[in-house]
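Structural overview for review
Spelled out from the first residue to the last, the chains are:
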Amino acid sequence: LNVSFDPSVRHADVDGGPEGWMSTRAAALRFMLGPGAALASIQNCPLKFKGLELRHLFVDTGGLGSRLAAHYTTQALGQAYLLVGSSQALGNPVRLVSVLGEGVWDFIREPLVGLFTSPAAFGVGVVRGTSSLVTRTVASVGNSASLICAWTASTVAAIGVVDTHVQAVDVAGAPVPEAAGEGSVVLPSSTLSGLTLGLRGLLTEPAHGWRTAGLGGAARGAMLGVVGLASKPAYGSLRGLSDVFSRLSFQALPQIAREQKYKMRRARPPRFFRSPFLPLQVYSAGEHVGEELLSRVHFGQFRGEGYVWHADLTHTTAILTSNRLLLVGDRQDYLVVHWQTPMDRIV
């Protein structure tokens, strides 16, 4: 079971009430909207639960429910560390270790497989294993660094980047879209833009405070402008680093990105129905793996031909349909055809 939780807390106006930006209420609200919400954001946390088998049981529904609740609650509490380790604010160390583990496994397995084949295959295995390890190391470390930078940026935003009269930022530290006009702001995306906005805030914040709360508001605005002069360049630098690490991670391993299918990993292949008129058959994992592979070949081009058989070969997969024999290779979320021939050329 892969658990994801995104609070997505949003608020359009950080207002501490009569005391304004410096109030405890406003500070708590800003923390909840930014770093606090990111701490609670969980992505793709792998939880495993064992089944419960009860023989010759004679209890009422309440007793059965209590046993089931106790069984799964105990297992969930034993895996609480995985929930903490999947926090976006911490860089999702569970996924970091998981992706690194895949790279280490390929680094060991590929040369060993080639060693028992031929010297040339051993060399190819070393190259493949090393490439997988380097790719997954760059992708996982870059992804974690991007998440940590984004969380740190949202923490900086909570103490001074967001002006008193404008919107807050979301969990990832990005601005919540608002209508243009007074009260809208462009958050810094680099150190230079942060410095520019910080200098502008030295003038605009006291002026806004004077218009809204007189002399006291001007004093609070001046304090906010001084804090923003330091925090806005820091925020811009962190957001820039987060974007750089995110792009680097995506280029190395696209599946690791939040929008990609790395987040959605099936426990088993989906069930395919050959015809709506045939009776439901017992689920066969091996058969449905082949059906799924065929549906992924060249974006489903050959799915209508009907799956017959498949076999995993060295770095490729052979798939037999009712019309042709295919040799395909994995390319991220789909399969490309390396070789094919119609059945009438074989039989």
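Heads up: the structure comes first, above all this text.
Report follows, based on the coordinates. (Residues numbered from 1 in each chain as written. Predicted model: local features only at pLDDT ≥ 70, side-chain atom pairs only at ≥ 80, totals over all residues. Heavy atoms only, no water.)

What to know about the overall build of the protein
Helix and strand content of the protein: seven helices and six strands. Secondary structure elements in the protein, listed N-terminal to C-terminal, are β-α-β-α-α-α-α-α-α-β-β-β-β. Residue burial in the protein is summarised as follows: out of 347 residues, 36% are buried. Here the protein displays about 20000 Å² of accessible surface, and carbon together with sulfur accounts for 64% of that area. (Helix = DSSP H or I, 4+ residues; strand = E, 2+ residues; numbered from the N terminus. Buried < 20%, exposed > 50% of the residue type's maximum accessible area, 1.4 Å probe, protein only. Areas by Shrake-Rupley, 256 points an atom, 1.4 Å probe, with all protein chains shown as cover.)

Focus on the pairing of strand 4 (residues 317-321)
Working note: regular strand, side chains alternate between the two faces of the sheet. Taking burial as the measure, the five residues of strand 4 include five buried ones, the bulk of the element. Residues Thr317, Ile319 and Thr321 of strand 4 are buried on one face, and the alternating residues Ala318 and Leu320, pointing to the opposite face, are buried as well. Note that strand 3 (residues 307-312) and strand 4 share five bridges and pair antiparallel. Residue pairing for strand 4: tyrosine 307 is matched across the bridge by threonine 321. The hairpin turn running from strand 3 into strand 4, its antiparallel successor, is four residues long, and histidine 315 in that turn takes a positive phi close to 70°. (Pairing = 2+ DSSP bridges.)

Points about the pattern of salt bridges
For side chains bearing opposite charge, pairing can occur when the charged atoms are close. By the definition in use, this model includes four salt bridges. In this structure, glutamate 102 engages arginine 136 in a salt bridge whose closest nitrogen and oxygen atoms are separated by 3.4 Å. In this pair, glutamate 102 sits in helix 4 (residues 93-115) while arginine 136 sits in helix 5 (residues 119-161), placing the two residues 34 residues apart along the sequence. Glutamate 102 sits in the partly exposed class, given a relative accessible area of 24%. (Salt bridge = Lys/Arg side-chain N within 4 Å of Asp/Glu carboxyl O.)

Things to note about the side chain of glutamate 291
The topology assignment puts glutamate 291 in helix 7 (residues 285-296). Contacts of glutamate 291, omitting those with residues within four sequence positions, involve Phe272, Arg274 and Tyr307. (Contact = heavy atoms within 4.5 Å.)

Focus: a nonpolar patch on the surface
On the surface, Leu1, Phe49, Leu52, Leu54, Leu57, Val59, Leu64, Leu68 and Tyr72 cluster together into a nonpolar patch covering about 710 Å² of accessible area. The topology assignment puts leucine 68 in helix 2 (residues 61-78). Residue leucine 68 is classed as partly exposed on the basis of its relative accessible area of 35%. (Patch = residues over 30% accessible without salt bridge, like charges linked within 9 Å, V, L, I, M, F, W, Y side chains within 5 Å.)

A look at the environment of tyrosine 307
Among the structural elements, tyrosine 307 can be located in strand 3. The buried category is assigned to tyrosine 307, whose relative accessible area is 10%. Each C-alpha atom, one on tyrosine 307 and one on glutamate 292, is 9.4 Å from the other, the two residues being 15 residues apart in sequence. What tyrosine 307 contacts, discounting residues up to four positions off in sequence, is Arg274, Gly286, Glu287, Gly290, Glu291, Leu294, Ile319 and Leu320. Among the polar contacts listed, one links the side chain of tyrosine 307 to the side chain of histidine 310, at a separation of 2.7 Å. (Polar contact = N/O pair within 3.5 Å; in protein donor to acceptor, adjacent residues only side chain to side chain.)

A short note on the nonpolar core
Ranked by size, the top nonpolar core spans nine residues in total: Leu293, Leu294, Val297, Phe302, Tyr307, Ile319, Leu326, Val328 and Leu335. When sequence neighbours within four positions are dropped, the list of residues in contact with valine 328 reads Val297, Thr316, Thr317, Ile319, Leu335, Val336, Val337 and His338. The next biggest cluster of nonpolar side chains, apart from the first, holds six residues, and it includes Val156, Ala157, Leu187 and Leu238. (Core = buried A, V, L, I, M, F, W, Y, C linked by side-chain atoms within 4.5 Å.)

Focus: the side chain of threonine 321
Position of threonine 321 relative to the elements: it lies in strand 4. A polar atom in the side chain of threonine 321 sits 2.8 Å from the side chain of glutamate 305. Here threonine 321 is in contact with Leu294, Glu305, Gly306, Val308, Leu326 and Met343, once residues within four sequence places are set aside.

Some points on unusual backbone geometry
Positioned with a positive phi, histidine 56 is a non-glycine residue whose angle comes to about 50°. Inspection of the secondary structure puts histidine 56 in the loop between strand 2 (42-46) and helix 2. Histidine 56 gets classed as exposed once you look at its relative accessible area, which sits at 83%. Positive phi, normally seen in glycine, also occurs at asparagine 92, with a value near 50°. Topologically, asparagine 92 is positioned in the loop between helix 3 (80-85) and helix 4.

Here's the deal with the pairing of strand 2
Most of strand 2 is tucked away, with four of its five residues classed as buried. Looking at chain direction, strand 1 (residues 2-5) and strand 2 are connected through three bridges and run antiparallel. Along strand 2, the bridge assignment pairs asparagine 2 with proline 46.

Scope: geometric values only; no functional claims are made or implied.
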